[in-house]
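# Geometric and topological summary
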Amino acid sequence: KQEVTQIPAALSVPEGENLVLNCSFTDSAIYNLQWFRQDPGKGLTSLLLIQSSQREQTSGRLNASLDKSSGRSTLYIAASQPGDSATYLCAAHDRGSTLGRLYFGRGTQLTVWP
Amino acid sequence: NAGVTQTPKFRVLKTGQSMTLLCAQDMNHEYMYWYRQDPGMGLRLIHYSVGEGTTAKGEVPDGYNVSRLKKQNFLLGLESAAPSQTSVYFCASSYPRQGAAWNQPQHFGDGTRLSIL
């Protein structure tokens, strides 16, 4: 069974810092790796989807990389802002499972203070 | 553009009661999913559907039933609620029948917070 782990569980940084969130998965046979943001009391918002054939994806200040061979993905946030405070979740779309099924990590809770 | 809408947003039930959670999407997506989110457990898939009239079990299906009579709606039912089903329930959808089905992001609703006493 695919297992997804996120480190650290929580992170608190001052505004303006560049930061990296880590995600690891145990089975490299994946269709893609997805990063989500979850605000308190809200649902998940899709940030980036990296296909298994890709190495990275970028959206604004966010850059996500994927290394299937080592079972790792990182989410890089440049010039962090207080509005970036949220929980960030990664999810692996496992090839061995039913189509569309995602395996989620437990998330990294990010706090960016002014 | 509403996206994925879940009804109700909050509910308190007594043990043994039944209820239905409604999920509606307006993106013409083929796939729909029900997850539960518990502290320290992450999101776990309960049931899913790959098209109108089809449903299948996910990781934690016991105690739940689902139906997808219309493409835009996916219902999650609790026949006899138990305290262990206290959770936040999320519905998601994906795949507008354009592009590869396996490389589509999932779109989530805001959740239903369910407490069972």
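Residues numbered from 1 in each chain as written. Chains lettered and ligands numbered in written order. Predicted model: local features only at pLDDT ≥ 70, side-chain atom pairs only at ≥ 80, totals over all residues. Heavy atoms only, no water.

For the rest of this paragraph, the subject is the overall build of chain B. When you go through chain B residue by residue, the secondary structure sums to 0 helices and 11 strands. Going from the N terminus to the C terminus, chain B shows its helices and strands as β-β-β-β-β-β-β-β-β-β-β. Since a compact globule built from 117 residues should have a radius of gyration of about 13 Å, the 14 Å found for chain B is in line with a globular shape. In terms of its C-alpha atoms, chain B occupies a principal-axis envelope of roughly 45 × 30 × 25 Å. Within the span of chain B, comprising 117 residues, buried residues form 50% of the whole. Restricting the contact set of chain B to residue pairs at least 6 apart, pairs at least 24 apart contribute 56%. A total accessible area of about 5,400 Å² is found for chain B, and carbon and sulfur atoms account for 52% of it. For chain B, the centre of its 11 positive side-chain charges and the centre of its 8 negative side-chain charges are spaced 4 Å apart. (Helix = DSSP H or I, 4+ residues; strand = E, 2+ residues; numbered from the N terminus. Rg over C-alpha atoms; globule rule 2.2 N^0.38 Å. Buried < 20%, exposed > 50% of the residue type's maximum accessible area, 1.4 Å probe, protein only. Contact = heavy atoms within 4.5 Å. Areas by Shrake-Rupley, 256 points an atom, 1.4 Å probe, with all protein chains shown as cover. Lys, Arg positive; Asp, Glu negative; His and termini not counted. Charge placed at Lys NZ, Arg CZ, Asp CG, Glu CD.)

Residue and element names in this part refer to chain A. The pairing of strand β4 (residues 30-38) with strand β5 (residues 44-51) spans 7 bridges and is antiparallel. The residue of β5 that forms the bridge with Q34 is L49. The turn linking β4 back onto β5 is made up of 5 residues, and G41 within it adopts a positive phi angle of 75°. (Pairing = 2+ DSSP bridges.)

All right, on to the interface of chain B and chain A then. Each partner contributes residues to the interface: chain B has 23 residues there, and chain A has 23 residues. At the boundary of chain B with chain A, total buried surface from both sides reaches about 1,900 Å², with 55% on carbon and sulfur atoms. At the junction of chain B with chain A, the criterion picks out 2 salt bridges. For D110 of chain B, the salt bridge identified is with K42 of chain A, shortest N-O distance 3.9 Å. At the junction of chain B with chain A, the criterion picks out 5 residue pairs in polar contact (both at pLDDT 80 or more). Those elements that place two or more of their residues in the side of chain B that touches chain A are β4 (31-38) and β5 (42-49) of chain B. Within the side of chain B that touches chain A, the residues separate by chemical class into 12 nonpolar, 8 polar and 3 charged. (Buried area = accessible area lost by both parts, 1.4 Å probe. Salt bridge = Lys/Arg side-chain N within 4 Å of Asp/Glu carboxyl O. Polar contact = N/O pair within 3.5 Å; in protein donor to acceptor, adjacent residues only side chain to side chain. Nonpolar A, V, L, I, M, F, W, Y, C, P; charged D, E, K, R; others polar.)

Once that is clear, we can look at the sheet that holds strand β6 (residues 56-59) of chain A. Residues and elements named next belong to chain A. Here 5 strands make up an open sheet; going across it, the order is β1-β3-β8-β7-β6 and the pairing antiparallel. Only two strands of the sheet have a single partner each, and these edge strands are β1 (4-7) and β6. If you compare each strand with its neighbour and ignore which way they point, the axes differ by 15° on average. (Axes fitted to C-alpha atoms, helices over the stretch in contact; angles between N-to-C directions.)

Residues L33, W35 and L75 of chain A are the most contacted members of the largest nonpolar core, which totals 23 residues. For this core, the elements supplying multiple residues, two or more each, are β3 (19-25), β4, β5, β7 (62-67), β8 (72-77), β9 (86-94) and β11 (108-113) of chain A. Each residue touching L33 of chain A, except ones within four places of it in the same chain, is listed here: C23, F25, L48, L49, I50, L66, S73, C90, A91 and A92 of chain A. Judged by nonpolar contacts, the second largest core, of 19 residues, contains C23, M32, A81 and I116 of chain B. (Core = buried A, V, L, I, M, F, W, Y, C linked by side-chain atoms within 4.5 Å.)

Nothing here speaks to function; it is all geometry.
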